[in-house]
Each structure stands twice: as C-alpha cells, then as structure tokens.
Amino acid sequence: MIPMVDLKQQYLDLKEEIDNGLLAGLEETKFILGPNVRAFEEECAEYLGVDHTVGVASGTDALHLALIAAGVEKGDEVITTPFTFIATAEAIRYVGATPVFVDIDPQSYNMDLNQVEDAITERTRAILPVHIFGQPVDMDTILSLAERHDLRVIEDCAQSFGAHIDGRQTGNFGLAGCFSFFPSKNLGGYGDGGLVSTNSAELAEHLRVLRNHGSWKQYHHSEIGFNSRLDELQAIILRAKLKRIDNYNENRRRVAHRYSAALAEIPGIKPPYEDGIGHHVYHQYTLLVENRDTIQQALRDNGIACAIYYPIPLHQQEVFFDDCQGLSLPVSERISQQCLSLPVFPELKDAQIDRILDVISKAANG
Ligand SMILES: *Cc1c(COP(=O)(O)O)cnc(C)c1O
C-alpha cells in the first residue's frame, strides 16, 4: 500500500527529538502560549523573513483573524480563486464579506491574474490569492493591482510553506500570510495549528489580541476576540520539523520531477506545470488526464492511493449557489473534471515512484 502521505515514517525519523521535546513540555506544564510557541513564532519569522508571526489554532483561523485585522467587513467583496479548499472562502464569509471568484490559469491552476481587474468593483476590499499546491502566485502582479485599486492582499499560504519567489517567501508579500499546520501540510503538526505572518507591527498586535479573547492584558478586553492559540505541544513538534523543512520540500520536488519526466511521455496525461515564477514546493502533485476513472481504478487496484483536489470548484458548491448564480468559470470546471493527485511526500522512495509510474503507464496505454 502506498499512501498519499506517510506521517508514520516521518515521525519515526524524528522520534527521539519529538518524544524528548514533548516529555519536557509535559514536565514544564506551560501549556497555553508557552515558551515553545514564542520560540516557534520567532524561528518562523526568521525563516519567512518577516517582522512578525502570530501562532493560531488553525489555517482557517489564520485567514479569519487576518481578514478581521485587515478591516474586511460586512458588505465588502474579496477576490479569490474557486479552485481551492473551502476554508479560503469560508473565512471570507465569517467576516460577512462576499467571495468573488475569478477563473484560474489552466497550467499553473492559480488564479488567472488577467481576470482580476474586471472583477474589481466599488465594494472590493481585498484580494486573497492562494498559492495552490505549493506553486507561488505572481505576487508582483497582485501587489501592483492592489496598489492601483487600493486593496488589501491576504495570502493563503496553507499549501506553500517554504515556497518562494527569488528567495522571498510566500507570506512575505501581502499585508498578511496565512499558514496551516494541518498534519498533511508541508510543515505539519500532530493536530491542528496555524500562523499569520506580517510585516506590520500594528496588525501583529491586533492578531495577538484577537487570538486571545480580545485581551491585550490579562482580564482586560478591548474587543470581542476568539480562543485561537497555537498549542504548545504542537509548537514543540513544529520546531523540530521547521529545521528540516527545506530538506522535506527538496524531496517533494525530487518526487515531482521524477513523475513529470516519465509522465510527459504518456499520451493523454499532462503533468503539472512549473510556471517559473517561483519555487514550487509540491504540496500536491496534480496532473490532468482525460480518462481519469481508468487511471484512478488502476491505481486503487494496485494498492496506490490517489485523490481528487478539487472535484467541485467553489462557485459550484451548494453553499455558494446564492452568491454565484449562473457564474461560469470554464477552466476551473474543466480542471476539476481532469485533475488527479498522486502520492507526494519527502519519504517516497524512487522504487515506489517507479511502481506508480508503471501502473499509470500500463493503464493509459490500455
Ligand atoms: C488546509 C487549507 C486551509 C485550512 O487550514 P486548516 O489548518 O485545515 O484550517 C486553508 N486554505 C487552504 C488552501 C488549505 O489547503
């Protein structure tokens, strides 16, 4: 059996460091906003090259709190992509704003930046690009659009920890970058967790208040906030993995490039495209194939996991029917019908990759 991700293998590789760290954390008993959360925030800020980071309870909360802190509110519109996980658009709704979906580029699967300007109205307050599957969006273009129209930019970096554009990390372009430490993400904990990055001291301060019941000083509350703190035990695990993130990501790229070299030769299959704008960290390896059912069945029959990210673009989700009546985004709709994600994780061995390729090649050639 080859899974989509092998969390067990990664744990075994780090077992001593994580076990000792967790035991020390249990002895220490500083469970809420303890020393490891603070240290992790500093180490993350240094890694990302940003002035501030604020650990929160999940990637979804990172987006939610960042939108509040950015002043996005009821009646506003936020331009984003329909080809993403639901949380991106949920967070926009949490603050009472409306997600405005623009179609995607058929090669990078990222938001088509040529279509953003047409989607801007008087109510547009922010652009929320998602670095989908770990490939950075062209942030220069986004930032100049935002500047021209006086819009905030919030980056959804849930799938792009460690991805960069010429050395500048995703999460270091917009007003805020929102990261998720869901276990299967490039940098994953052993439970939920998230983080917001920013170069604004004011925004960081507001986020610290928001994540902790609107409290700027114990039992002094300046606004209604949330209970959304990064967990101390998760921070211990994340600190151990942060040291190795570049190595993990390079190994994801190794897997991806081995797949792509072989799949490019198979008729009917389009390997994912690196647009060269940034450094892709392959949160997912997502190809396009017309006879998807056949390939999927062959993989399953051979004990190889695969997945469809994403089978229904957000503008066609029931929950957004009212917002999106009659909206047609043909590229997202076609990609949703053809996309197939293969196992990609740092520990995947060349022999396993070759087996997967062999199964796909046989299935594709009938
Ligand atoms: C995982 C993910 C999120 C949500 O993160 P959680 O930590 O699961 O709340 C948001 N956006 C994208 C693109 C994601 O992949």
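Residues numbered from 1 in each chain as written. Predicted model: local features only at pLDDT ≥ 70, side-chain atom pairs only at ≥ 80, totals over all residues. Heavy atoms only, no water.

J.: Which residues make up helix 2 (residues 35-48), and what are the values?
T.: Over its 14 residues, helix 2 runs 20 Å from end to end, which matches the ideal 20 Å to within 8%, given 1.5 Å per residue. Along its buried surface, helix 2 packs onto strand 1 (52-56), strand 7 (168-169), strand 8 (176-180), strand 9 (194-198), helix 7 (201-211) and helix 8 (232-242). Once helix 2 ends, the next one or two residues include G49, with phi positive near 75°. (Helix = DSSP H or I, 4+ residues; strand = E, 2+ residues; numbered from the N terminus. Expected span 1.5 Å × (residues − 1). Contact = heavy atoms within 4.5 Å.)

J.: Can you break down the nonpolar core residue by residue, with the values?
T.: Side chains of a nonpolar character, in soluble globular proteins, are inclined to be buried together. Residues Y259, L263, Y285, L299, L342 and I360 are the most contacted members of the largest nonpolar core, which totals 27 residues. For this core, the secondary-structure elements that each account for two or more residues are helix 9 (245-263), strand 13 (285-289), helix 10 (292-301), strand 14 (339-342) and helix 12 (350-364). With six residues, the single largest contributor to this core is helix 12. Apart from residues no more than four positions distant in its own chain, Y259 is found in contact with Y285, L342, P343, L348, I353, I356 and L357. Core analysis: the second largest hydrophobic core is formed by 25 residues, V95, A97, A126 and L207 among them. (Core = buried A, V, L, I, M, F, W, Y, C linked by side-chain atoms within 4.5 Å. Buried < 20%, exposed > 50% of the residue type's maximum accessible area, 1.4 Å probe, protein only.)

J.: Pulling in residues and values, what's your account of the domain arrangement of the protein?
T.: Taken domain by domain, the protein holds domain 1 (7-242) and domain 2 (245-364). The centre of domain 1, based on its C-alpha atoms, is set 24 Å off from the matching centre of domain 2. Across the contact, 44 residues belong to domain 1 and 41 residues belong to domain 2. Summed over both partners, the interface of domain 1 with domain 2 buries about 3600 Å², with 59% contributed by carbon and sulfur atoms. If you look at where domain 1 meets domain 2, you find one salt bridge. The salt bridge involving D323 is made with R93; its shortest N-O contact spans 2.5 Å. (Domains from an automatic or database assignment. Buried area = accessible area lost by both parts, 1.4 Å probe. Salt bridge = Lys/Arg side-chain N within 4 Å of Asp/Glu carboxyl O.)

J.: Just give me the short version of helix 11 (residues 330-338), but keep the residues and values in it.
T.: Residues V331, S332, I335, S336 and Q338 constitute the buried set of helix 11. For helix 11, the secondary structure elements touched by its buried residues are strand 13, helix 10 and strand 14.

J.: Describe the pairing of strand 3 (residues 98-101), listing the residues and the values that go with them.
T.: The side chains of a regular strand alternate between both faces of the sheet. Pairing of strand 2 (residues 77-80) with strand 3 involves four bridges; the strand directions are parallel. Bridged to V78 within strand 3 is P99. (Pairing = 2+ DSSP bridges.)

J.: So what's going on with the site of the ligand? Which residues, and what values?
T.: Around the ligand, the structure places 16 residues, and the nearest of them are G59, T60, D156, S180 and K185. The side chain of K185 places a nitrogen or oxygen atom 3.1 Å from an oxygen atom of the ligand. Coverage of the ligand by the protein amounts to 93% of the 380 Å² it exposes when considered alone. A majority-of-atoms criterion places the ligand in the largest pocket. (Near = heavy atom within 4 Å. Polar contact = N/O pair within 3.5 Å; in protein donor to acceptor, adjacent residues only side chain to side chain. Areas by Shrake-Rupley, 256 points an atom, 1.4 Å probe, with all protein chains shown as cover. 1 Å grid on protein atoms, 1.4 Å probe; cavity = no way out; pocket = protein on both sides within 12 Å on 5 of 7 lines; lining within 4 Å. Sits in = over half its atoms within 2 Å of the grid points.)

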